[in-house]
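Listed below are the residues making up each chain.
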Amino acid sequence: MHYRIAICDDEPAALAALARMLARELERAGLSAEVAPFSGAEALCEAMRETPFDALFLDIDMPGMDGIALADELRARGDATPIVFLSAREERVFETFRIAPLRFVRKSHVQSDLPEAVRAVAAQLRAVASRVRLPLLTPEGMARVPVDEIMWAESFGKRQTLVMTGGTLEVRHTLRELCEKLEPHGFLQVHRCYVVSCRYIFSIEPGRLIMDDRREIPISRYRLAACKEAFRRSICHGLDAAEHRTQGDL
């Protein structure tokens, strides 16, 4: 798998040196990766509206939008891209806790801190490689959304929303487009306004679905049979996977 990693620093000499070091450490970590350098947070933020990155290395102290402000904006739009902060001011590490960065690289200790940070990034990227993430357009730009966190998609008027395990995310796609993207991953359209993940269905009752969080979703009569069959397959798949894990533990 080939990854795209962005590094952002407003000092040209530091940016060039850090980008070279980062590329070298990524290779040592066994990752096939392209390093994209950015001299400002605004430029990186704009680029991420079109094309997401797999990890971000952000200098904290930059004029205008700094690294923390960029991270805040990305998290606010639902972007969970792993972030590593870089700074010559170690006291600013406390300002980053709310963002939950993967690592904090001290520029005064970059030779020791950066390799460890890259190993942490590599471990996380490998851990999530098996998770399917769909690139979806949101009001703030493109985001890579973990499919296994989507419980259902709903459409009201011109607004389409993903209801996820950790909240909601508005997307700029029609429900038909969402259905086409989600159906290969165990989703089913059960109503003209709803596409649901079978894994989050708790039970099926006349005229409605009960989801795992006990919220109810209407189901069309003519979609009931297909929904029951998809739900049955989902349960059987879960039981088969559990049995396989149990046998592997014996």
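Here we summarise the structure given alongside this text. This structure is a prediction, so every number in the text was calculated from the model and none was measured.

Rules of the game
Residues numbered from 1 in each chain as written. Predicted model: local features only at pLDDT ≥ 70, side-chain atom pairs only at ≥ 80, totals over all residues. Heavy atoms only, no water. Helix = DSSP H or I, 4+ residues; strand = E, 2+ residues; numbered from the N terminus. Buried < 20%, exposed > 50% of the residue type's maximum accessible area, 1.4 Å probe, protein only. Contact = heavy atoms within 4.5 Å. Areas by Shrake-Rupley, 256 points an atom, 1.4 Å probe, with all protein chains shown as cover. Lys, Arg positive; Asp, Glu negative; His and termini not counted. Charge placed at Lys NZ, Arg CZ, Asp CG, Glu CD. Pairing = 2+ DSSP bridges. Axes fitted to C-alpha atoms, helices over the stretch in contact; angles between N-to-C directions. Phe/Tyr/Trp six-rings, centres within 6.5 Å; stacked < 30°, edge-to-face > 60°. Lys NZ or Arg CZ within 6 Å of the ring centre and 35° of its normal. Salt bridge = Lys/Arg side-chain N within 4 Å of Asp/Glu carboxyl O. Core = buried A, V, L, I, M, F, W, Y, C linked by side-chain atoms within 4.5 Å.

Of the regular secondary structure elements, the chain holds 6 helices and 15 strands. When burial is assessed residue by residue, the chain has 47% of its 250 residues classed as buried. Intrachain contacts of the chain at a sequence separation of at least 6 include 54% that bridge at least 24 residues. When the accessible area of the chain is evaluated, it comes to approximately 13,100 Å², of which 52% is carbon and sulfur surface. Taking the 34 positively charged and 37 negatively charged side chains of the chain as two groups, their mean positions are separated by 5 Å.

On to the sheet that holds strand β13 (residues 201-205), then. Hydrogen bonds between backbone atoms are what pair the strands of a sheet, whose relative direction is either parallel or antiparallel. If you walk across this open sheet you meet the 3 strands as β13-β14-β15, and the pairing is antiparallel. Of all the strands in the sheet, the pair left with one neighbour each is β13 and β15 (216-218). Put simply, the sheet's adjacent strands are angled 25 degrees from each other on average, direction ignored. The pairing of strand β14 (residues 208-211) with β15 spans 3 bridges and is antiparallel. Bridged to R208 within β15 is P218.

Per the counting criterion, the structure on display carries 3 aromatic pairs. For the ring pair F94 and F97, a centre distance of 5.7 Å and an interplane angle of 75 degrees mean the geometry is edge-to-face. Using a relative accessible area of 61% as the deciding quantity, one classes F94 as exposed. Taking NZ or CZ as reference, R214 lies 3.6 Å from the ring centre of F202, over its face.

Take the pattern of salt bridges next. Applying the stated criterion to the full structure yields 19 salt bridges. The salt bridge partner of E34 is R4, with a shortest N-O separation of 3.9 Å. Of this pair, E34 sits in strand β2 (residues 32-38) while R4 sits in strand β1 (residues 2-8), placing them 30 residues apart in sequence. Take E34: its relative accessible area is 37%, and that puts it in the partly exposed class. Its relative accessible area of 24% is what places R4 among the partly exposed residues. Between D9 and K107 there is a salt bridge whose closest N-O contact spans 2.6 Å.

One finds I5 and F57 to be the most contacted residues of the largest nonpolar core, which totals 25 residues. Put simply, the parts of the chain that give this core at least two residues each are β1, α1 (12-28), β3 (55-59), β4 (83-87) and α4 (110-128). The element best represented in this core is α4, accounting for 8 residues. For I5, the contacting residues outside a window of four places in its chain are L22, L26, A33, E34, V35, A36, F53, D54, A55, F57 and L125.

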